[in-house]
Amino acid sequence: MSAQPLPVEPESPPEPAVEPLLELRGIDVYYGRVQALRGISLYVGKGEIVALIGSNGAGKTTTLRTISGLVRPARGEVRFEDAPIHQLGAEQIARLGIGHAPEGRRLFSRMTVRENLEMGAFSRRDTRRLREDYERVYTLFPRLRERRGQLAGSLSGGEQQMVAIGRAMMGHPRLMLLDEPSLGLSPILVEAIYQVIREINADGTTVLLIEQNALMALNTARRAYVMETGSIATSGPASELLDSPEVQRAYLGM
Amino acid sequence: MHTKSRLIPILGAVALALVAACGTSSTGGGTTSGGGGLAGCTGSVTVASDLPTSGGDAAIGGGTENGVRAAVLKAQQEKLLGGCTINYIPKNDASVAKGEHDPALGAQNMIALTTNPAVVGVVGPFNSSVAIAEMPIANRAGMLLLSPANTNPGLTIAGSRPDVDTNSLRPTGKVTYYRIIWNDIAQGADDAQISYKELNARKAYIIDDQEAYGKGLADFFEKYFKQDGGTVLKHVALPGTTKDFKAQLTEAKGLGADLLFFGGVAANGSGIIYCQMKDVGLTAKYMSGDGTVDPQFFKDCAGTNGDGAYATSAPDATKTSAGAGFTPLYDASFADSSRVVYSPYGYDAMRIVLNAVKAVLVDNGGKVPTDSASFRSKVIAKVAATKYDGFVGHIEFDQNGDTTNHAFGLYSSKGGQWTQSEVVQAPPV
Amino acid sequence: MAQKTTDAAAVLPPGRQPRLDALRLRLLPQLTARAFPIILVTALVGMFLRIATTSGGEIAGEQLKNGLQIGAIYALIALGYTMVYGIIELINFAHGDVFTLSAFYAILFGQLFGFFGLNVTTLAPSSAGGLIACLLLLFPITMLAAGITGVLIERVAYRRLRQSPRLAPLITAVGVSFLLEGVMFAKFGAANYPARKDGWVHGTAFTAGGVPVRWNDVLVLSTALGLMFALQAFVRGSRLGKAMRATAQDRDAALLSGININRTIAATFFIGSALAGAGALVYSIYYNSVQWNLGFRYGIIAFTAAVLGGIGNIVGAGLGGFLIGVISVFGSQLLGGEWENSIVFAMLIIVLTFRPVGLLGMRVPDRA
């Protein structure tokens, strides 16, 4: 298998190995007259970690923003738990259980760490489970417990990334979208963040993540999609992509 | 400059009507009746008026026009011009577009009247802004314009107002515009004299509303108050939108002012200032001009808070001995409720025009002159030489066309009304 | 690299350009951040002393009180400007007219009560209890009506334009302002409209240092201060308040957190307008008359106050309101009342030039 070119079937993705939690079918997105996404189709199975890799401007972030409802697709369908969600508002999608740690972290910089986490739990009323989730975040990121009264804008880059992920976790999502969680972090911090991502996944949260650091992503993910200029170039199990000479050449610098 | 709001009929005038209605049997006008050698006169003479009689000016302009009509009716009844008939053309310079007096419409009216060769004289206009538009047209046509109400000194006295080019209003160089009401120079001098002599004020703090009328009046007040020997502590000009004068009034208190003079119209703060004086504890006397004699004053400073302010305005002629006969004369033809302070001014203005016409006819051997231009110029010459005792008092004109009669009503506020306490003769200026 | 001559390098010796940038970007803001409040306070104290030496300390004290009282009204209006700007970066030009309209509401509600047999114009001046009852009735109902007006304006005029270039909602705001003024002009006329609140709040409450402070000064100041602190507590502590701050700081991130942006922005308009409504009620009691075009001047001065304090900052707007009030009163005694508007706008220009973030404007690195 690995010697042959990987199947590219954007219109009909391969039959899911597990029950799909999220599915994109033929998504087209335009920014004004510029087409950003061309017929994106992908799925994320329950409990999976799926990576979306590709170079700058390939459309990875746009894909995540489309899933979250920040961008409206011109054509195609986004299905979450087998129901279409692409007509819903972003805040409604968030309430369905999709947590999104966006590109550039997008913290509420003039609010404290604690308030940022609170905002992540904005739509929740279940106070007991909420307290457990704070505890979970503070356990995963002990630094945030120390700094919970500090303004988010005053934190270091790594700490801000922790807040971004923690905030997305606070919605107790079934699916987490992580946009470049390793960007700008030291290798040690990258390893730590990815350790947390694995732990979150082990707790039962499905993860769709974007990375330019393809090696890290492919080592963590079960499956991966490779994007090029707004469409999916190739996809498959992460281990196979790691071995693919094309992927190695283009994204792993080998 | 007259604005609509400061010409709202004085409440006192209405109340007074009831008293005066029981009044005298004087025929009024101090004129001779009868044709006076014009019994053989044939033909007709046409006079006109131009006043704002609709929209926001309907009450004040309409009441003034009624005074003009009363004069025409009276002259027709007593056959002032003998066998000749008097035709009267009333024009309205309030446009639908502006909802009040409109200089553009006034100019149109004046063109229509001056190009009608039958018309020999016009009473009007009411507002100084309209006068500025009409005066050059009437002047070029050699047509008499006799205003019952304009008070802007710039209309007659060159150089008296920076915003009015008096000479451009009389392009032929001849005076063809007259008025039977004082101008604001006289009012400023009068206000200063009353403040100094009657209210015993020595230190004045002046506020004006930055508008042509208010600033002009305040400037003249300042000039004459200083001449009288008073001190002007400060003169501030505040925009008409100002609603909070406490900073100025507190300053006036600190400076020890014993008089606050406001040059402006009621809509721009007359009553607000008076009430805020009490708020900041400024116990100075309050003096203002005819723009303040307006019911609006009591909307802004209601109840007993509004008592005790002073302001000058056109005297209520019906309260004087000369004018006592006006009310029955007016009421014979018009509803008393429509009568305004300017009604007797309208009457006297038209009577002066008709008296001048009569004198021209007499000079012409009892015949109507055939040449329109020379008829008009002769009417003007007769008006210039007027010596007339009317309802509003004795009227003569100076070389500028201003009346030499500087009678003012001194009004004081009490119980939500402006009441004329006396008629004051202003000092010559 | 030596051959590469940029324009800047042609004028400046090598190495100078970055240093100039550092001066402009780092040093100047730091300098103005420290110096600006000091200069402002020094100027205020200087003006106060100047008035005290020429007119006496009591007059200076009274002018300070006058400034704080009018400043309290500016502050209540400025809060709405700053909240709306903070959340959608719109200078809501209609806000001053919402203030005026609310003053008319306060008058009309008084008449409406009269229609149902409760004569507030006689009840309020009758006794302290009657006055408090009237205030307790009028405050909530006026603020509610003002708030609903603000929400309607946002819904009808601004929401659809939220994604448009910023000029579009700005022009719309000017349009709404004209519309409201036109409606008020047509309905209530050109002249001052009497509020019929004569003698509602009167008498001297106390004398501080020879300065008599009247009850209506107390009413205006305590309303402004009370609502300011209530608002601050609300925005700091409540769920909705936090949602407002989150939306103001990053709308996308707020959406991703499940915050309903439309509802949050509507709530911001509601609260900002309700505060203007409270300001309008105390204004109508204090000044006892309202004019259709009042909002233009008050709105623009309040906007200046918001900029002075640091637009988007609630405490800043309150502080800016009081400062502008005092500066304009002091300035109009020292320079003459005709300069009052010039003084206010000179302040605006100085602030925008030397300290665009305002007195309490914060500069936290957004995405470090």
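Residues numbered from 1 in each chain as written. Chains lettered and ligands numbered in written order. Predicted model: local features only at pLDDT ≥ 70, side-chain atom pairs only at ≥ 80, totals over all residues.

**Examining the overall build of chain B**
Moving on, step 1. Helix and strand content of chain B: 13 helices and 14 strands.
Moving on, step 2. Here chain B has a C-alpha radius of gyration of 21 Å; the compact-globule value for 429 residues is 22 Å, and the two agree.
Moving on, step 3. Projecting the C-alpha coordinates of chain B onto the three principal axes gives extents of approximately 75 × 50 × 40 Å.
Moving on, step 4. Expressed as a percentage of its 429 residues, the buried residues of chain B come to 59%.
Moving on, step 5. Considering only intrachain contacts with a sequence separation of at least 6, the fraction spanning at least 24 residues in chain B is 79%. (Helix = DSSP H or I, 4+ residues; strand = E, 2+ residues; numbered from the N terminus. Rg over C-alpha atoms; globule rule 2.2 N^0.38 Å. Buried ≥ 20, exposed ≤ 12 C-beta atoms within 10 Å, placed from the backbone. Contact = placed C-beta atoms within 7 Å.)

**Some thoughts on the overall build of chain A**
Moving on, step 1. The secondary structure content of chain A amounts to 10 helices and 10 strands.
Moving on, step 2. Against the compact-globule benchmark of 18 Å for 254 residues, chain A has a radius of gyration of 18 Å, which places it among compact chains.
Moving on, step 3. Referenced to the eigenvectors of the C-alpha coordinate spread, the extents of chain A come out at roughly 55 × 40 × 35 Å.
Moving on, step 4. In chain A, buried positions account for 50% of the 254 residues.

**Section: the pairing of strand β6 (residues 98-101) of chain A**
All names here are of chain A.
Moving on, step 1. Because side chains alternate across β6, one face comprises the buried residues Ile98 and His100, and the other comprises Gly99 and Ala101, equally buried.
Moving on, step 2. As paired elements, β6 and strand β7 (residues 175-179) share four bridges and run parallel to each other. Of the residues in β7, the one forming a bridge with His100 is Leu177. (Pairing = 2+ DSSP bridges.)

**Focus on the confidence of the model for chain A**
Moving on, step 1. Mean pLDDT over chain A works out to 89, with 93% of the residues at or above the 70 mark.
Moving on, step 2. Confidence drops under pLDDT 50 across residues 1-12 of chain A; counting only partners more than four residues distant or on other chains, this segment forms 17 contacts. (pLDDT = per-residue confidence, 0-100.)

**Description of helix α9 (residues 270-280) of chain B**
All names here are of chain B.
Moving on, step 1. Of all the 11 residues making up α9, nine are buried; the element is thus mostly covered by neighbouring parts of the structure.
Moving on, step 2. If you check which residues of α9 are buried, you get Ser270, Gly271, Ile272, Ile273, Tyr274, Cys275, Gln276, Met277 and Val280.
Moving on, step 3. Backbone geometry just after α9 places Gly281 at a positive phi near 80 degrees.

**Brief notes about the interface of chain C and chain A**
Moving on, step 1. In this complex, chain C contributes 21 residues to the contact, which on the side of chain A involves 28 residues.
Moving on, step 2. Every element with two or more residues in the side of chain C that touches chain A is listed here: α9 (239-249) and α10 (251-256) of chain C.
Moving on, step 3. Top element by residues in the side of chain C that touches chain A is α9(C). It accounts for five residues.
Moving on, step 4. A class-by-class count of the residues in the side of chain C that touches chain A yields 11 nonpolar, four polar and six charged. (Nonpolar A, V, L, I, M, F, W, Y, C, P; charged D, E, K, R; others polar.)

**A short note on the sheet that holds strand β3 (residues 49-54) of chain A**
All names here are of chain A.
Moving on, step 1. Strand order in the open sheet made by the six strands is β6-β7-β8-β3-β9-β10, with mixed pairing throughout. At either margin of the open sheet sits one strand with a lone partner, and together these are β6 and β10 (231-237). Each strand of the sheet is rotated relative to its neighbour by a mean of 15 degrees, with strand direction disregarded.
Moving on, step 2. The strands touched by helix α1 (residues 60-68) within the sheet are β3, β6, β7, β8 (206-211) and β9 (223-228), with β7 carrying the most contacts at an inclination of about 150 degrees. (Axes fitted to C-alpha atoms, helices over the stretch in contact; angles between N-to-C directions.)

**Side note on the arrangement of the chains**
Moving on, step 1. Counting contacts across all two pairs of chains that touch, the top-ranked interface belongs to chains A and C.
Moving on, step 2. The least C-alpha distance between chain A and chain B, which are not in contact, is 39 Å.

**Remarks on the pairing of strand β6 (residues 203-208) of chain B**
All names here are of chain B.
Moving on, step 1. Buried residues dominate β6, accounting for five of its six residues.
Moving on, step 2. Bridge analysis of β6 against strand β8 (residues 259-263) gives five bridges, and the strand direction is parallel. By the bridge assignment for β8, Ile207 is matched with Phe262.

**Let's talk about the sheet that holds strand β4 (residues 75-80) of chain A**
Residues and elements named next belong to chain A.
Moving on, step 1. Strand order in this open sheet of four strands is β2-β1-β4-β5, and the pairing throughout is antiparallel. The outermost strands of the open sheet, each flanked by one partner alone, are β2 (34-45) and β5 (83-84).
Moving on, step 2. The sheet contact formed by strand β1 (residues 20-31) and β4 spans five bridges and is antiparallel. Along β4, the bridge assignment pairs Leu24 with Val78.
Moving on, step 3. Each of β1, β2 and β4 touches α1; the most contacted strand, β2, lies at about 70 degrees to it.

**Some remarks on the domain arrangement of chain B**
All names here are of chain B.
Moving on, step 1. With domains assigned, chain B is organised as domain 1 (5-181 + 317-397) and domain 2 (184-313 + 408-425).
Moving on, step 2. One C-alpha centre belongs to domain 1, the other to domain 2; they are set 31 Å apart.
Moving on, step 3. Contact with domain 1, which involves 14 residues of that partner, is made by 20 residues of domain 2.
Moving on, step 4. Split by residue class, the side of domain 1 that touches domain 2 holds four nonpolar, six polar and four charged. (Domains from an automatic or database assignment.)

**Looking at the environment of Tyr411(B)**
All names here are of chain B.
Moving on, step 1. Summarising the element assignment, Tyr411 is placed in strand β13 (residues 407-414).
Moving on, step 2. Taking the number of C-beta atoms within 10 Å as the measure of exposure, Tyr411 has 26 and is therefore buried.
Moving on, step 3. Measuring from C-alpha to C-alpha, the distance between Tyr411 and Gly291 comes to 12 Å, with 120 residues separating the pair along the chain.
Moving on, step 4. Excluding its chain neighbours within four sequence positions, the residues that come into contact with Tyr411 are Val293, Ala311, Thr312, Ser313, Trp418, Thr419, Gln420 and Ser421.

**Re the interface of chain B and chain C**
Moving on, step 1. Facing 22 residues of chain B, the contacting portion of chain C comprises 24 residues.
Moving on, step 2. Contributing elements (two or more residues each) for the side of chain B that touches chain C: β7 (231-237), α8 (246-255) and α10 (296-300) of chain B.
Moving on, step 3. Sort the elements by how many residues they give to the side of chain B that touches chain C and α8(B) lands first, with eight residues.
Moving on, step 4. Residues belonging to the side of chain B that touches chain C are distributed by class as follows: eight nonpolar, seven polar and seven charged.

**Things to note about the nonpolar core**
Moving on, step 1. Counting 188 residues, the largest nonpolar core has Ala224(A), Ala75(C) and Leu76(C) as its most contacted members.
Moving on, step 2. It is helix α3 (residues 57-88) of chain C that provides the largest number of residues to this core, a total of 19 residues.
Moving on, step 3. Core analysis: the second largest hydrophobic core is formed by 127 residues, Val122(B), Phe221(B), Met287(B) and Tyr342(B) among them. (Core = buried A, V, L, I, M, F, W, Y, C linked by C-beta atoms within 7 Å.)

**Some points on the environment of Ala208(C)**
Moving on, step 1. Relative to the elements of secondary structure, Ala208(C) occurs in strand β2 (residues 204-208).
Moving on, step 2. Distance from Ala208(C) to Gly61(C), taken between C-alpha atoms, is 8.8 Å for residues 147 residues apart in sequence.

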